[in-house]
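Reading the structure
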Amino acid sequence: MIENIVFSNIEMTNIYLRPIQFEISNSEFTWCDAIKNVDFIGVKAKALSYPMIVGRKDCYIENVNFIDCEFEKVNKENLTFYFEPILSQVKPLTIKFAKNVKFNNTIFSGEE
């Protein structure tokens, strides 16, 4: 079980894909009881994509809070360096198999 984690006051720029990515693999070799009670406070990121939180049918990610965060989606021209194959992987905010994901005073802006 992974629980009770706080990420605070983090600034990220020139992120090629997602600034935050939680994903529980569907592999039979991935054992998971739970991922829960994760807080992101004061996180600021400029990236090609928005965050991703993806659990599994049998293992949801629970109680994730984004508080006072800013996520700005930029285009490749705003990055110092990028790999062209990665650009095909640019994705919107993705939340699947997750419960109780909350956004409090969190801003999503930028290129579409």
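Rules used in this analysis
- Residues numbered from 1 in each chain as written.
- Predicted model: local features only at pLDDT ≥ 70, side-chain atom pairs only at ≥ 80, totals over all residues.
- Heavy atoms only, no water.
- Helix = DSSP H or I, 4+ residues; strand = E, 2+ residues; numbered from the N terminus.
- Buried < 20%, exposed > 50% of the residue type's maximum accessible area, 1.4 Å probe, protein only.
- Areas by Shrake-Rupley, 256 points an atom, 1.4 Å probe, with all protein chains shown as cover.
- Pairing = 2+ DSSP bridges.
- Axes fitted to C-alpha atoms, helices over the stretch in contact; angles between N-to-C directions.
- Phe/Tyr/Trp six-rings, centres within 6.5 Å; stacked < 30°, edge-to-face > 60°.
- Lys NZ or Arg CZ within 6 Å of the ring centre and 35° of its normal.
- Contact = heavy atoms within 4.5 Å.
- Polar contact = N/O pair within 3.5 Å; in protein donor to acceptor, adjacent residues only side chain to side chain.

**Observations concerning the overall build of the chain**
Along the backbone of the chain there are zero helices and eleven strands. Secondary structure elements of the chain occur, N-terminal to C-terminal, as β-β-β-β-β-β-β-β-β-β-β. Counting the 112 residues in the chain, one finds 32% classified as buried. Carbon and sulfur atoms make up 49% of the accessible area of the chain, which totals about 7000 Å².

**Notes on the sheet that holds strand E2 (residues 11-15)**
Read across the open sheet, the four strands follow the order E2-E5-E8-E11; overall the sheet is parallel. Edge positions in the sheet fall to E2 and strand E11 (107-110), since each has one partner strand and no second. Strand-to-strand twist across the sheet, computed as the mean angle between neighbouring axes with direction ignored, equals 10°. Here three bridges tie E2 to strand E5 (residues 44-47), and the two strands are oriented parallel to one another. In the strand pairing of E5, Glu11 is matched with Lys44.

**So, the packing of aromatic side chains**
Counting across every chain of the model gives nine aromatic pairs. When the centroid spacing of 5.6 Å and the interplanar angle of 75° are considered together, the rings of Phe103 and Phe108 count as edge-to-face. Its relative accessible area of 35% is what places Phe103 among the partly exposed residues. On the basis of relative accessibility, which here comes to 30%, the residue Phe108 falls in the partly exposed class. Clustering of aromatic rings is evident, with ring pairs tying together Phe7, Phe22, Phe40, Tyr50, Phe66, Phe71, Phe103 and Phe108. Its guanidinium or amino end placed over the ring of Tyr50, Lys73 lies 5.5 Å from that ring's centre, counting from NZ or CZ. Its guanidinium or amino end placed over the ring of Tyr60, Lys99 lies 5.1 Å from that ring's centre, counting from NZ or CZ.

**Quick look at the environment of Leu93**
Examined against the element boundaries, Leu93 turns out to sit in the loop between strand E8 (70-73) and strand E9 (94-96). Separated by 15 residues in the primary sequence, Leu93 and Phe108 have C-alpha atoms spaced 9.2 Å apart. Excluding residues that lie within four positions of it along the chain, Leu93 makes contacts with Tyr50, Pro51, Phe103 and Phe108.

**Some points on the environment of Arg56**
Relative to the elements of secondary structure, Arg56 occurs in the loop between strand E6 (52-54) and strand E7 (61-67). Spatially, the C-alpha atom of Arg56 lies 8.3 Å from that of Glu23, the residues being 33 residues apart in sequence. Apart from residues no more than four positions distant in its own chain, Arg56 is found in contact with Ile24, Ser25, Asn26, Ser27, Thr30, Cys32 and Phe97. A polar side-chain atom of Arg56 sits 2.7 Å from the main-chain carbonyl oxygen of Ser25. Side-chain polar atoms of Arg56 contact the backbone oxygen of Thr30, separated by 3.1 Å.

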